[in-house]
Structures are given as structure tokens and as C-alpha cells.
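If you want the building blocks of each chain, they are given just below.
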Amino acid sequence: MWRLERRPQPSAAWRYASPLLALTITVAVGALLFVALGKDPVAGLRVFFWEPIRDARAWSELMLKVTPLLLIGLGLAIGFRSNVWNIGAEGQFILGAVCASGTALALQGAGAPVWPLVLLAGAAGGFGWAAITALLRDRFNANEILVSLMLVYVAVQVLNYLVYGPWKDPMGFNFPQTQRFDAGALVPRLFDGLRVHIGLVFALVAAALVWAFLFRTRAGFAQQVGGLAPAAARYAGFSSRAALWTAIGVTGALAGLAGALEVAGPVGQLTPHVPVGYGFAAIIVAFVGRLHPVGIIGSAILMSMFYIGGELAQSRLGLPKSITGVFQGLLLFALLACDTLIQYRVRRGRG
């Protein structure tokens, strides 16, 4: 009989091997899923793991998905390391897109590059929306999980009100969307003929800054101590309020920046379809990446492959849109199961 035996101390090797085993399990179960659906498993896995990286154009589209997932995942990593559970990054992403769009529309016809202002407005919008959660937690000890999650639905209604109402393009054939933004409000592209834009550079710079903050500054050390040992943090004089506002504020600002890059990048206008779940998917990105900036880069690439693979599976294999969520869920549950091996080891013997 096989049984689980608790390790004397957590396994450092399994901490990094667990995501690789989880990915292997996800691929294996995904192949079985394709067989059950009557599809060729090789063709199914190909659209998920080869088509998104097969040429420069594919890499460009992949990096478009990586940018928001990386930005939001980095912010969430700071929060989760601080034991602050901001689950509403999707709402902060939406408000960032809304504020960025409002700025772009207000500056229509300016005749100058205004995209930096558009991005700043998006980051400010995300921060402001996240600040509601921080304020309620700080002043009234409200549960940040529930507050931030409920605010996602409020953000969706704000978005719908604007695109179906006052911001609706009168020349848009009654579609719920704003006017197209001027060229000066759109972020520059990195390469001619490809859609990947300067937001990717911002995301990579943010990864370097988050790494430096967490592992090379006293403030970053205080954030992590507050999450691991709140009593020790209080004894050392670290401010729990500062940790709370930093964790939620940085997440909100990065999520808002991601929303701004979405509307000022590939979309070029605000529509009800801007939110596609990046804020929720980034939670998986953060945990698969072990809450470490370098790991989050890799997991953001993997999650982006799932997004693009799901889109290709719809068009080429006739599978439903939900296949993307299935792969994301498989990866998360496989990771949770494999993480058991960090604290426990499998032994053969009597139960």
C-alpha cells in the first residue's frame, strides 16, 4: 500500500519540480480529453504547444497575451507574498481600460503622441479601483477577497454603461464601442508588420523592478515578513498598513496599466469584449511561477499559449471556447496536487 509521509522539512527540489510535473499531467490529460472528444490528440496538442511559437508572427501574437498576464501576475505576486488576497485584478484591469479610453477620447485631435498620458491614466484608474478594497480593509477590516471580487462585477457594469451609453460611437452602426483612437493615443509597435508593442518592454522592466523590490530592498523584505510572520513583522516595527496599501496598490496600478495597453494597443478602442479574464488567469500565472518574477515570465508564456491554442482549437478543430478554461483549470489543479509532494513523500508500506 502506498501512503503519504510528512517530510522533516519541505523539499526544495519538489518546489521547482512540481510545476513541471503539473504541466506534464496537464498535457497527458489534455491528450486524453481530445481523444474523448473524437479529435486527433496530436493535432490538438499541436495547436496549443506548437502553433503559438512556430514563426515570428506567432511569437508576436503570443507576446501580446504575455504582456497583460505578466504585468498582473507580478502585482499579484507581491500581494500573495504579503498574505494580501486581492482577487479582483480583473476589475482593476477593466477600470484601467476605461480611464485610458476616456483620456484617449478627451485628447482626440491633439495631433501629438499622447499615449504616455493614456497609460498613466490607466495605471491611475487601476490603482484607484484597487484603493477601494484597501480602504475598506484598512478602515473596516473588510475581507479583501470578497470586496475585490465583487468590485469586478461593478467594473463590468461601468464598462457596459459607457460603451452602450455616453461613449458609444454614433458612427459605429449601433455597435457598443467607442470611436477608434487617434494614432497618437496608440502605443508604438516594436517591429514593422507585427502587432507586439512597447508594452512588452514595460512588462519586462516591471519584472526586473519587482525582483529588485522583493529581494534587494528593506521594504520588499518587510512585505514578505508581514505575510509569513505577522507577529514578527509587528515586533520588528514593520507597518502592516503600508504593506497592505503597497500590495493592493501595486497590483491595481499594474492591472490598470495592462488594461490601458490593451485598448491603446491591439484593440484601439473600448468595447465590452476588452475583459477576457486576464485578471483571473494571472492568479494561476502567479502561482505556477512560484510568486517569483522569473518564474512568472515563464508561466505567463505558458498561459498565453493556452489562450492562443484555445482560439485555434475553435477555428481548426471545432472545439468550444471553454477549452481554454479547461486547460487553465487542469494546470491549476494539477499544480495543487503536485504541491503535496513539497511537504509529503510517497512511501510504500502499511497505512
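Since this is a predicted model, take the numbers as computed values, not measurements.

Caption draft 1: Seen up close, the overall build of the protein chain. From N to C terminus, the protein chain includes 14 helices and two strands. The C-alpha extent of the protein chain, read off along each of the three principal axes, is 75 × 60 × 35 Å. In the protein chain, which comprises 351 residues, the proportion classed as buried is 49%. Of the contacts formed within the protein chain by residues at least 6 apart in sequence, a portion of 78% connects residues at least 24 apart. Element-wise, carbon and sulfur atoms account for 66% of the exposed surface of the protein chain, whose accessible area totals about 16,700 Å². Between the mean site of the 27 positive side-chain charges and the mean site of the 14 negative ones, the protein chain shows a separation of 13 Å.

Caption draft 2: Local environment of the side chain of Thr251. Considering the arrangement of structural elements, one finds Thr251 in helix H10 (residues 240-267). A distance of 2.7 Å separates a polar atom in the side chain of Thr251 from the backbone oxygen of Gly75. With near-sequence residues (within four places) excluded, Thr251 lies in contact with Gly75, Leu76, Asn86, Ala89 and Gln92.

Caption draft 3: Just the side chain of Gln223, in detail. Looking at the element boundaries, Gln223 is found in helix H8 (residues 218-228). Polar contacts involving the side chain of Gln223 include one to the side chain of Ser82, which spans 2.6 Å. A distance of 3.4 Å separates a polar side-chain atom of Gln223 from the backbone oxygen of Ala243. Ignoring sequence-local partners within four residues, the contact set of Gln223 consists of Ile78, Arg81, Ser82, Phe213, Ala242, Ala243, Thr246 and Ala247.

Caption draft 4: Just the environment of Tyr278, in detail. Here Tyr278 shows up in helix H11 (residues 278-288). Of the residues examined, Tyr278 reaches a relative accessible area of 2% and is grouped as buried. Measuring from C-alpha to C-alpha, the distance between Tyr278 and Ile25 comes to 23 Å, with 253 residues separating the pair along the chain.

Caption draft 5: Region of the structure containing the nonpolar core. Counting residues in each nonpolar core, the largest one holds 88 residues, and the members touching the most others are Ile72 and Met303. Looking at which element gives the most residues to this core, the answer is helix H3 (residues 56-81), with 12 residues. The contact partners of Ile72, leaving out residues within four places of it in the chain, are Ala89, Phe93, Ala255, Ala258, Tyr278, Gly279 and Ala282. Ranked by size, the runner-up nonpolar core spans six residues in total, among them Ala130, Ala134, Leu244 and Ala247.

Caption draft 6: Representation of helix H1 (residues 12-36) in the model. Given a rise of 1.5 Å per residue, 25 residues ought to cover 36 Å, and the 37 Å separating the end C-alpha atoms of H1 matches this to within 8%. The axis of H1 is deflected most strongly, by about 35°, at Ser18, and proline Pro19 appears within four residues downstream. Among the residues of H1, those classed as buried are Ser18, Pro19, Ala22, Thr26, Gly30, Ala31 and Phe34. Tucked inside the fold, the buried residues of H1 contact helix H2 (41-49), H11, helix H12 (293-317) and helix H13 (323-338). Looking at where H1 begins, the residue whose side-chain oxygen comes 3.5 Å from the main-chain nitrogen of Ala13 is Ser11. Directly after H1, the chain includes Gly38, whose backbone phi takes a positive value near 75°.

Caption draft 7: Representation of the packing of aromatic side chains. This model, assessed by the stated rule, comprises 15 aromatic pairs. Ring geometry for Phe34 and Phe48: centres 6.1 Å apart, planes at 45°, overall tilted. Of this pair, Phe34 sits in helix H1 while Phe48 sits in helix H2, and the two are 14 residues apart along the sequence. For the residue pair Phe34 and Phe48, the accessibility class agrees, reading buried in each case. Grouping aromatic residues by their ring pairs yields a cluster made of Phe34, Phe48, Phe49, Phe306 and Phe327.

Caption draft 8: Main features of the pattern of salt bridges. Within the structure shown, the criterion is met by 12 salt bridges. Among the salt bridges present, the one from Arg345 reaches Glu5, with a minimum N-O distance of 3.0 Å. A residue pair is termed long-range when its members are at least 10 positions apart, and Arg345 in strand E2 (residues 344-348) and Glu5 in strand E1 (residues 2-6) qualify at 340 residues. The class for Arg345 is partly exposed, based on a relative accessible area of 25%. One salt-bridge network, in which partners are shared between bridges, spans Arg46, Glu51, Arg54, Asp55 and Arg316.

Caption draft 9: Region of the structure containing the packing of H3 against H11. Contact geometry of H3 with H11 gives a least axis separation of 8 Å together with a crossing angle of 65°. When the axes of H3 and H11 are compared, the crossing they make is right-handed. Residue-level contacts link Lys65, Pro68, Leu69, Ile72, Gly73, Leu76, Ala77 and Phe80 of H3 to Tyr278, Gly279, Ala281, Ala282, Ile283, Val285, Ala286 and Phe287 of H11.

Caption draft 10: A look at a nonpolar patch on the surface. Taken together, the side chains of Leu190, Phe191, Val201, Val205 and Leu209 present a nonpolar region at the surface, about 430 Å² in accessible area. If you trace the backbone, Val205 turns up in helix H7 (residues 199-216). The class of Val205 is partly exposed, set by a relative accessible area of 43%.

Caption draft 11: Region of interest: unusual backbone geometry. We note that Asn141 has phi near 55°; this positive angle belongs to a residue other than glycine. When its relative accessible area of 62% is taken as the criterion, Asn141 is described as exposed. The residue Phe173 is not glycine, and still its phi comes out positive at about 55°. As for its placement among the helices and strands, Phe173 is situated in the loop between helix H6 (144-164) and H7. The class for Phe173 is exposed, based on a relative accessible area of 73%.

Caption draft 12: The arrangement of the confidence of the model for the protein chain in detail. For the protein chain, the average pLDDT comes to 93, and 99% of its residues sit at 70 or higher. Within the protein chain, helix H9 (residues 230-235) has the poorest average pLDDT of any element, 74, and helix H4 (residues 89-106) the best, 98.

Conventions and cut-offs
- Residues numbered from 1 in each chain as written.
- Predicted model: local features only at pLDDT ≥ 70, side-chain atom pairs only at ≥ 80, totals over all residues.
- Heavy atoms only, no water.
- Helix = DSSP H or I, 4+ residues; strand = E, 2+ residues; numbered from the N terminus.
- Buried < 20%, exposed > 50% of the residue type's maximum accessible area, 1.4 Å probe, protein only.
- Contact = heavy atoms within 4.5 Å.
- Areas by Shrake-Rupley, 256 points an atom, 1.4 Å probe, with all protein chains shown as cover.
- Lys, Arg positive; Asp, Glu negative; His and termini not counted.
- Charge placed at Lys NZ, Arg CZ, Asp CG, Glu CD.
- Polar contact = N/O pair within 3.5 Å; in protein donor to acceptor, adjacent residues only side chain to side chain.
- Core = buried A, V, L, I, M, F, W, Y, C linked by side-chain atoms within 4.5 Å.
- Expected span 1.5 Å × (residues − 1).
- Bend = angle between axes of the 7 residues up to and from the residue.
- Phe/Tyr/Trp six-rings, centres within 6.5 Å; stacked < 30°, edge-to-face > 60°.
- Salt bridge = Lys/Arg side-chain N within 4 Å of Asp/Glu carboxyl O.
- Axes fitted to C-alpha atoms, helices over the stretch in contact; angles between N-to-C directions.
- Left-handed = near helix turned anticlockwise from the far one by under 90°.
- Patch = residues over 30% accessible without salt bridge, like charges linked within 9 Å, V, L, I, M, F, W, Y side chains within 5 Å.
- pLDDT = per-residue confidence, 0-100.

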